[in-house]
Amino acid sequence: MMAPMSKYPFHEIETKWQRYWDEHQSFAVTEDPSIPKDKRVYVLDMFPYPSGAGLHVGHPEGYTATDIYCRFLRMNGYNVLHPMGFDSFGLPAENYAIKTGTHPRTTTEKNIENFRKQIKSLGFSYDWNREISTHRSDYYRWTQWIFIQLFNKNLAYESHTPINWCEACKTGLANEEVKEGKCERCGTTVVRKNIRQWVLKITEYADKLLADLDSVDWPESVKLMQRNWIGRSEGASVFFKVDGMDAQLEVYTTRADTLFGATYMVVAPEHPLVAQLTKAEQKEAVEEYLESSARKSDLERTDLAKEKTGVFSGSYAINPVNGKLIPIWVADYVLISYGTGAIMAVPAHDTRDWEFAKKFDLPIVEVLKSEVDVQTQAWTEDGVHVNSDFLDGLNKEDAIKTMLAWLEEHKLGSKAVNYKLRDWIFSRQRYWGEPIPLVHCPTCGTVAVPEDQLPLLLPEVSSYEPSGTGESPLAKIDEWVNCSCPVCGGKAKRETNTMPQWAGSCWYYLRYLDPENDKQFVSAEKEAYWMPVDLYVGGAEHAVLHLLYARFWHKVLFDLGLVSTSEPFKRLVNQGMITSYAFQRKDKSLVPTDMVEEKETDVFVEKATGEVLERVIAKMSKSLKNVINPDEIISEYGADSMRMYEMFMGPLEVSKPWATTGLVGVYRFLDRIYRLFEERTVIDEQPSDELNRTLHKTIKKVTYDTNTLNFNTAISQMMVLVNELYKVETLPRVVAETLVKLLGPYVPHLAEELWERLGHSGGLSTVAWPQFVEELTVDNQIEMVFQVNGKVRSKVTVSKGLGKDEVLAMAKKDEKLASWLEGRTIVKEIVVADKLVNIVVK
RNA sequence: GCCGAAAUGGUGGAAUAGGUAGACACAAGGGACUUAAAAUCCCUUGCUCGCAAGGGCGUACGGGUUCAAUUCCCGUUUUCGGCACCA
């Protein structure tokens, strides 16, 4: 697309002011103690992973939003901390290293250079003196240090239970990194693998992580996702004796009240009692089943469409409430990782149990009065209890209470709480991450690397290839692995796993506060000066990953007295995704943009076949050739246009499609402003009342909308003002200066330039934000509507503040209303002051 | 399947303590300027009937509450996001 011809020299202006801000350190910030706490603001962007592809149009969206907000706050007298850095450990650089032999550090640092340059080209007001990168040893030294604090607090442990393993990435994954049974990063189906892992006890904080969600100003959707992920449920532990055996099975159930309907039990294949429960005659069948379910991937096991499978163990349990013998089955629809890995099955009222009972011909007993025949389908709604002895006639709530009391009285069970949240699998079998600072000593066990020996540097390797056996490339470097035990001095081996990419981002917001500190991860004074983060802006994809992990670490640091707040991010805003247009055939397949021709307005045709295509909204992707490159946009239209267009597209939080024609509209707006100042004479006279009113309305709306991050409507109001200005010959100074100030946060380069041309020096960024006069924002002439039976029949312009009787009389006399009122009886008259009159007739 | 969010002109989107639907922008059409084009400026633009005055319809769909519903309530559909045998 050709850039439009223009007089507006954005390139010159943008280069000039970016240099000015750099040279004057305009946005460097210090912890000035004279500024009161409520005038200190910490505004944070989610830092990017510096990928080789460079900045995506999605990045500037959130960054522009926070930049506008920060510049607005500065002009309103706030001390604003607004830093940027790089989440620079991660798989892409390492995979590139495997392919090319280039050290991930080389690739990463080159990419960081590029990212920094790109980010700077948008004119964001970051304090670059505070830039951090998580892969640098002066940063990861403290990541390791925090890990040791967790280790010392018994929040890190070694586990040998099977974990999610990605064959393509050749590493273990956390539960949070598995989406629909696939690796979140590469889409490979995840398998279960038994390897040694370091795991963090995030479950120990499940209750706090849940409860404190109530105290943060976050989108409800994100809070809900975290609540669901933590998945707290209240129920009961119930003990079942095993017939003829000195063993008992503990189950977890949320519906202890349905115990009379428990007709069999199921244990997960991995349950520790399986062997003991298996009778000789069932041994072969059980072993075969255990083997076959071990072979299944998690996806296969949890696939709902799959038929239930299982095998009878040969043993029976005794239902504690009625003494009945019920068979114990082994089936993989019960998960070892939730509850106790064993359940009581109530097939009449649980779909899963019902399917299993039908398949294996197990009895189904109705215990909740059902509206269907429970022999033909499960009844999962509420119902009055039946066939339940002392619970008969009770509702759900009362029956649960009664049963719990009964169980506790007979010492057969008790109230219990369970969480879906699992501990965090924290080790990765890869190279490009923080080495876990632990040493395995044959005599002392696992010990932490002493803090004065940090950072434990990532060693150089000759091959980045992961072994795939569950060992990281570090395991191959004997001289690094072999070390002496920091406690006893004997021969020991280093831990060779590295940390996941999430580690560095768990605390980076704290390091910005004190990035040079080589004594502490952050000084207490600086932490107290700025924390918590007042506004955190980023993509919704981190709703449960980064945001849950960071909250967890923060709470640990809080409990250790190392930070002053229990939550790190007071307010969170998710920016919506910037999507793109794509073209769809009738069979719903998508056609790359370069294979499409626009025959006439909004009629799109596939070049090869002539098929008419439908324009749809899709994610930007290389394969669809609809990716927008920010560098190209900036060079053709300028950073100010890019920034303002991304804000003008629509509300920050929703996803919206990129349209370059829309960008051109914003460009034209900026060009119009530039020409306005070029062509009109600035006069020192007061503006007309009408213009002055528009001016004050604009100040009011832009102030309010900027403060609430409603940038799209603020921009449209500025457009209204500029349209008004084009109607007058001259440019009153007060209007010109106010407009420039309002534009400052949005298009800082252009605004600085115009500010200078208006005769000011010293830059715009600390100039006071304009104030409006409320009386000047209201019209004294307003348009009122007269309705008959709720339909607008006439509109009149009247002066503001007329009395009810007065306007009612006007309405009744209105010519246009006459024919609608004629011959009718007035039933009701409604007057809304300064808005409307509605006459109801029969 | 469950949970959540959303649905407004040709397009992106405005407007909800219930009170003139479509601000602003794009696209489209017309005009001015120009030898011409680009750029720029001005006008029109929800659909529909009508020469016009004016009328009817219209905020995914179907109901309801109300003098009045994009806004509140009930139901349905579609799209997007999350979860997925969590007992």
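Our structure is the block above this text.
The structure contained in this document is the topic of the report that follows. It should be emphasised that the depicted structure is a prediction, and the values quoted were computed from it without experimental measurement.

1. Re the sheet that holds strand S4 (residues 163-166)
So, point 1. Here we have three strands laid out as an open sheet, ordered S5-S4-S8, and antiparallel in their pairing. Each edge of the sheet is formed by a strand with only one pairing partner; in this case those strands are strand S5 (171-173) and strand S8 (191-193). Here the average twist between neighbouring strands, direction ignored, is 55 degrees.
So, point 2. For S4 and S5, the ladder comprises three bridges, and the chain directions are antiparallel. The partner of Trp165 across the bridge, within S5, is Gly172.

2. Quick notes on the protein's contact with RNA strand B
So, point 1. The local shell around RNA strand B holds 56 residues, among which Thr254, Arg352, Arg672, Met719 and Asn838 are the closest.
So, point 2. If you look at RNA strand B and keep only atoms within 4 Å of the protein, 66% of those are sugar or phosphate atoms.
So, point 3. At 2.6 Å from a base oxygen of RNA strand B is found a side-chain nitrogen or oxygen belonging to Lys308.
So, point 4. Measuring from a base nitrogen of RNA strand B, one finds a side-chain N or O atom of Glu783 at 3.0 Å.
So, point 5. For the surface near RNA strand B, the leading source of residues is helix H22 (residues 711-725), giving six residues.
So, point 6. Across the surface near RNA strand B, the residue classes break down as 24 nonpolar, 14 polar and 18 charged.

3. Side note on helix H12 (residues 396-409)
So, point 1. The first and last C-alpha atoms of H12 sit 20 Å apart over 14 residues, in line with the 20 Å expected at 1.5 Å per residue.
So, point 2. Residues of H12 that are buried: Ala399, Met403, Leu404, Trp406 and Leu407. Seen end-on, H12 carries its buried residues on one side only, within an arc spanning 165 degrees. In this structure, H12 carries Glu397, Lys401 and Glu409 as exposed residues pointing more than 90 degrees from its buried face.

4. A few points about helix H20 (residues 660-679)
So, point 1. Along its 20 residues, H20 runs 28 Å from first to last C-alpha, staying within 8% of the 28 Å computed at 1.5 Å per residue.
So, point 2. Of all the positions in H20, only Thr660, Leu663, Val664, Val666, Tyr667, Phe669, Leu670, Asp671, Ile673, Tyr674, Leu676 and Phe677 are classed as buried.

5. Quick word on the packing of helix H21 (residues 689-707) against helix H23 (residues 733-743)
So, point 1. Running from N to C, H21 and H23 cross one another at 15 degrees; their axes reach a closest spacing of 11 Å. On the basis of their axis angle, the class for H21 and H23 is roughly parallel. Here H21 and H23 pass one another in a crossing that is left-handed. When H21 is examined against H23, the residues Leu691, Leu695, Thr698, Ile699 and Val702 are found in contact with a partner set consisting of Val734, Val735, Thr738 and Leu742.
So, point 2. Its residues assigned to classes, the contact of H21 with H23 shows seven nonpolar, two polar and no charged.

6. A word on the pairing of strand S10 (residues 233-242)
So, point 1. Of all 10 residues in S10, seven are buried, a share of seventy percent or more.
So, point 2. Here six bridges tie S10 to strand S16 (residues 413-418), and the two strands are oriented antiparallel to one another. When the bridges of S16 are listed, Ser237 appears paired with Ser414.
So, point 3. Bridging between S10 and strand S11 (residues 248-253) involves six bridges; their strand directions are antiparallel. Bridge pairing links Phe239 to Glu250 in S11.
So, point 4. Counted between consecutive antiparallel strands, the loop separating S10 from S11 contains five residues, among which Gly244 sits at a positive phi close to 70 degrees.
So, point 5. Bridging between S10 and strand S13 (residues 311-318) involves two bridges; their strand directions are antiparallel. Its bridge partner being in S13, Lys241 is matched across the sheet by Ile318.

7. Here we look at the environment of Ser215
So, point 1. Looking at the secondary structure, you find Ser215 in the loop between helix H6 (206-211) and helix H7 (220-230).
So, point 2. As for Ser215 and Thr106, which are separated by 109 residues in sequence, their C-alpha atoms are 43 Å apart.
So, point 3. Engagement of the side chain of Ser215 in a polar contact is seen with the backbone oxygen of Asp212, the distance being 2.8 Å.

8. Things to note about the pairing of strand S33 (residues 791-799)
So, point 1. The pairing of strand S32 (residues 781-788) with S33 spans eight bridges and is antiparallel. From the neighbouring strand, Val785 faces S33, where its bridge partner is Lys795.
So, point 2. Taking the residues that link successive antiparallel strands as the turn, the S32-S33 hairpin has two residues, and the phi of Asn789 there is positive, at about 50 degrees.

9. Focus on the packing of aromatic side chains
So, point 1. If you walk through the whole model with that rule in mind, you get 47 aromatic pairs.
So, point 2. Judged by centre distance (6.2 Å) and plane angle (85 degrees), the ring pair of Tyr63 and Phe124 falls under edge-to-face. Of this pair, Tyr63 sits in helix H2 (residues 58-75) while Phe124 is found in the loop between helix H4 (104-120) and helix H5 (137-152), placing the two residues 61 residues apart along the sequence. For the pair Tyr63 and Phe124, one class covers both residues: buried.
So, point 3. For the ring pair Tyr508 and Tyr509, a centre distance of 6.2 Å and an interplane angle of 80 degrees mean the geometry is edge-to-face. Each member of the pair, Tyr508 as well as Tyr509, carries the same accessibility label: buried.
So, point 4. Within the aromatic cluster, the residues linked to one another by ring pairs are Phe147, Tyr205, Trp424, Phe426, Trp502, Tyr549, Phe552 and Trp553.
So, point 5. Positioned above the aromatic ring of Trp21, the side-chain terminus of Arg71 is 4.6 Å from the ring centre.
So, point 6. Here the guanidinium or amino end of Lys308 rests over the ring plane of Tyr333, the centre of that ring lying 5.6 Å away.

Basis of the calculations
Residues numbered from 1 in each chain as written. Chains lettered and ligands numbered in written order. Predicted model: local features only at pLDDT ≥ 70, side-chain atom pairs only at ≥ 80, totals over all residues. Heavy atoms only, no water. Pairing = 2+ DSSP bridges. Helix = DSSP H or I, 4+ residues; strand = E, 2+ residues; numbered from the N terminus. Axes fitted to C-alpha atoms, helices over the stretch in contact; angles between N-to-C directions. Near = heavy atom within 4 Å. Polar contact = N/O pair within 3.5 Å; in protein donor to acceptor, adjacent residues only side chain to side chain. Nonpolar A, V, L, I, M, F, W, Y, C, P; charged D, E, K, R; others polar. Expected span 1.5 Å × (residues − 1). Buried < 20%, exposed > 50% of the residue type's maximum accessible area, 1.4 Å probe, protein only. Arc of directions from axis to C-beta. Parallel < 35°, antiparallel > 145°, perpendicular 65-115°, else oblique. Left-handed = near helix turned anticlockwise from the far one by under 90°. Contact = heavy atoms within 4.5 Å. Phe/Tyr/Trp six-rings, centres within 6.5 Å; stacked < 30°, edge-to-face > 60°. Lys NZ or Arg CZ within 6 Å of the ring centre and 35° of its normal.

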